[in-house]
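Tertiary structure, described
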Amino acid sequence: LETPGARASIPETASGRLELARSLASADNPLTARVIVNRVWGHLFGRGIVASPDNFGATGQAPTHPGLLDNLALEFMAADWSIKSLIRQLVNTRSYQMGTGFVESSFERDPQNELLWRMPPRRLDAEALRDAMLFVSGELDTRRPRGSVVGDNAGLRLNVSQINEPDEYRSVYLPILRDALPESLALFDASDPNLVSGQREETNVPGQALYLMNNRFVIEQAEALAGRLLAGESSQRDRVASAFLMCYSRSASQQEIEAAEGFLRRFEMAAGGREGKRPEEARRLALSSFCQSLFASAEFRYLN
C-alpha cells in the first residue's frame, strides 16, 4: 500500500484479491521487484545477491551489493516488469561472461566469491541433465506428449513405478506427483513439489553416481550415442573426437584421444576374449561404455 498501515479500498462485491495483487505489483512496493530480480540473478549466477532468496527479513542474509539490487529493481519496474529484458540485461554483463578459471590472489581476498571475480561452476539442473543425455544421443523428442500416466490413471491408484518408465520427451513433460518424483529428477535435487523453494539444494551423494552407472535410461542413451558415432564416423579416433565435441562442446586434446583409444582397445580385447563377443559386438559395447563414462563425468554435469 502507498501509506504503511493504510487500509485498501475494497468494493463490497469484491474479494480483495485483485486489490492485493495490485498492491504487491505496485511501484510503491519495491520488495516484490527486489525478490524477483534476486531470484533471476540467483538462477543465472548460481547465488542471489541476497543468498537467502526465500527470506528477505531480519533472519535472512544481507545483500552483498544492496545498491546493485535496488538499482536492478528500479530498472526492472521501469521496463514494465519484463523478465526477458532483465535476463537480457544480466547476460550481457561482464560478470556473467567471465570464465570459471581459478585465480589464487582473488581467492585469498574473496574465498566465497561474493564479489564475482569469476563465474562459479554450476551443476546442471536435474531436468537439463536428463535432456542433455537425450539430446547428444539423438533420442530427444521435442514434441509435446498428448498426456501422461497421471492423466491416464485419473481417479485410480497410481503405481509410483509408472512415473519412472523411460521415455524420450523433454523433462518438463515428465509426470510429477506431490509425494513422488521421477528418479532421474529426485536424485539430482529437483524441487520438492510440496514446498515453495527459491533455490534448489545441491548435493553430491553416492546415489547419483550409482544412477549414472546402472540406470537403464542412462545405459540406453549411451548405447544410442554409440550407434550414432558408429554410423557417422569410420575410425575410433574420429568417434572419440566427435563424442567429446557432442558431450563437452569442445575438441578433445591429443592426450584425451590417446587415452580413450587405449581404453576402447583394451575393452574390445577383454570383451572378445573372456566374453566371446564378436568383433562388432565388442566394438559397440566398448563405445557404449565410453559414452556412458562421458555422461557420468563432472564436465558433462557442470557448466564451466
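Points about the packing of helix α9 (residues 206-214) against helix α13 (residues 279-296)
A pair of packed helices is captured by two measures, namely the crossing angle of their axes and the spacing between those axes. Where α9 contacts α13, the axes come no closer than 9 Å and their chain directions differ by 155 degrees. In terms of orientation, α9 lies roughly antiparallel with respect to α13. Crossing handedness for the pair α9 and α13: right-handed. Along its contact with α9, which presents L212, M213 and N214, the element α13 presents Q292, F295 and A296.

A few points about the pattern of salt bridges
Under the defined criterion, the tally for this structure stands at 13 salt bridges. Across the pair D141 and R143 runs a salt bridge whose closest N-O atoms are separated by 2.8 Å. Residue D141 is classed as buried on the basis of its relative accessible area, which comes to 17%. One network of salt bridges, in which partners are shared, links R250, E256 and E299.

A look at unusual backbone geometry
The phi dihedral of W81 falls on the positive side, at around 60 degrees, and the residue is not glycine. One can find W81 in the loop between α3 (66-78) and α4 (83-91). W81 gets classed as partly exposed once you look at its relative accessible area, which sits at 24%. The backbone of N113 sits at a positive phi, close to 60 degrees, despite the residue not being glycine. As for its position among the elements, N113 is in the loop between α5 (104-109) and β1 (122-123). Looking at N113, the relative accessible area reads 11%, which means it is buried.

Regarding the side chain of T100
Within the secondary structure, T100 sits in the loop between α4 and α5. The contact partners of T100, leaving out residues within four places of it in the chain, are R118, M119, P120, P121, L303 and N304.

A word on the packing of helix α11 (residues 236-248) against helix α12 (residues 254-273)
For the pair α11 and α12, interaxial distance at closest approach is 10 Å and the crossing angle is 120 degrees. Regarding the angle of α11 to α12, the classification is oblique. Read as a crossing pair, α11 and α12 show a hand that is right-handed. Of the residues in α12, those touching α11 at Q236, R237, V240 and F244 are Q254, E256, I257, E258, A260, E261, L264 and E268. Split by residue class, the contact of α11 with α12 holds five nonpolar, two polar and five charged.

What about the confidence of the model for the chain?
Of the residues in the chain, 91% have a pLDDT of 70 or more, and the chain-wide mean is 87. Confidence, expressed as mean pLDDT per element, reaches its minimum in the chain at helix α7 (residues 149-152) with 62 and its maximum at α4 with 96.

Comments concerning α9
For α9, the full list of buried residues reads Q208, Y211 and L212. Down the axis of α9, the buried side of the element spans an arc of 90 degrees, and every buried residue falls inside it. Residues P206, M213 and N214 are exposed on α9 and point more than 90 degrees away from its buried face. The secondary structure elements touched by the buried residues of α9 are β1, α6 (126-137), α8 (183-186), α10 (216-232), α13 and α14 (298-301).

Digging into the nonpolar core
Residues M133, C247, F290, F295 and F300 are the most contacted members of the largest nonpolar core, which totals 35 residues. Contributions of two or more residues to this core are made by α6, α9, α10, α11, α12 and α13. The contacts of F290, once residues within four sequence positions are left out, are V240, A243, F244, A260, F263 and L264. W41, A73, M77 and L86 belong to the second largest nonpolar core, which has 17 residues in total.

Side note on α10
Under the 1.5 Å per step criterion, the end-to-end length of α10 is 24 Å for 17 residues, consistent within 8% with the ideal 24 Å. Residues of α10 that are buried: F217, V218, Q221, A222, A224, L225, A226, G227 and L229. Between the side-chain oxygen at the start of α10 and the backbone nitrogen of F217 there is a gap of 2.8 Å, and the oxygen is on N215.

Let's talk about the packing of aromatic side chains
Across all of its chains, the model carries 10 aromatic pairs by this definition. An aromatic cluster of at least three residues, connected via ring pairs, comprises W41, F45 and Y96.

Quick notes on the environment of S249
By secondary structure assignment, the location of S249 is in the loop between α11 and α12. In this structure S249 comes out as exposed when scored by relative accessible area, which is 65%. Once the C-alpha coordinates of S249 and A260 are considered, the two residues, 11 residues apart in sequence, prove to be 17 Å apart.

Procedures and definitions
Residues numbered from 1 in each chain as written. Predicted model: local features only at pLDDT ≥ 70, side-chain atom pairs only at ≥ 80, totals over all residues. Heavy atoms only, no water. Axes fitted to C-alpha atoms, helices over the stretch in contact; angles between N-to-C directions. Helix = DSSP H or I, 4+ residues; strand = E, 2+ residues; numbered from the N terminus. Parallel < 35°, antiparallel > 145°, perpendicular 65-115°, else oblique. Left-handed = near helix turned anticlockwise from the far one by under 90°. Contact = heavy atoms within 4.5 Å. Salt bridge = Lys/Arg side-chain N within 4 Å of Asp/Glu carboxyl O. Buried < 20%, exposed > 50% of the residue type's maximum accessible area, 1.4 Å probe, protein only. Nonpolar A, V, L, I, M, F, W, Y, C, P; charged D, E, K, R; others polar. pLDDT = per-residue confidence, 0-100. Arc of directions from axis to C-beta. Core = buried A, V, L, I, M, F, W, Y, C linked by side-chain atoms within 4.5 Å. Expected span 1.5 Å × (residues − 1). Polar contact = N/O pair within 3.5 Å; in protein donor to acceptor, adjacent residues only side chain to side chain. Phe/Tyr/Trp six-rings, centres within 6.5 Å; stacked < 30°, edge-to-face > 60°.

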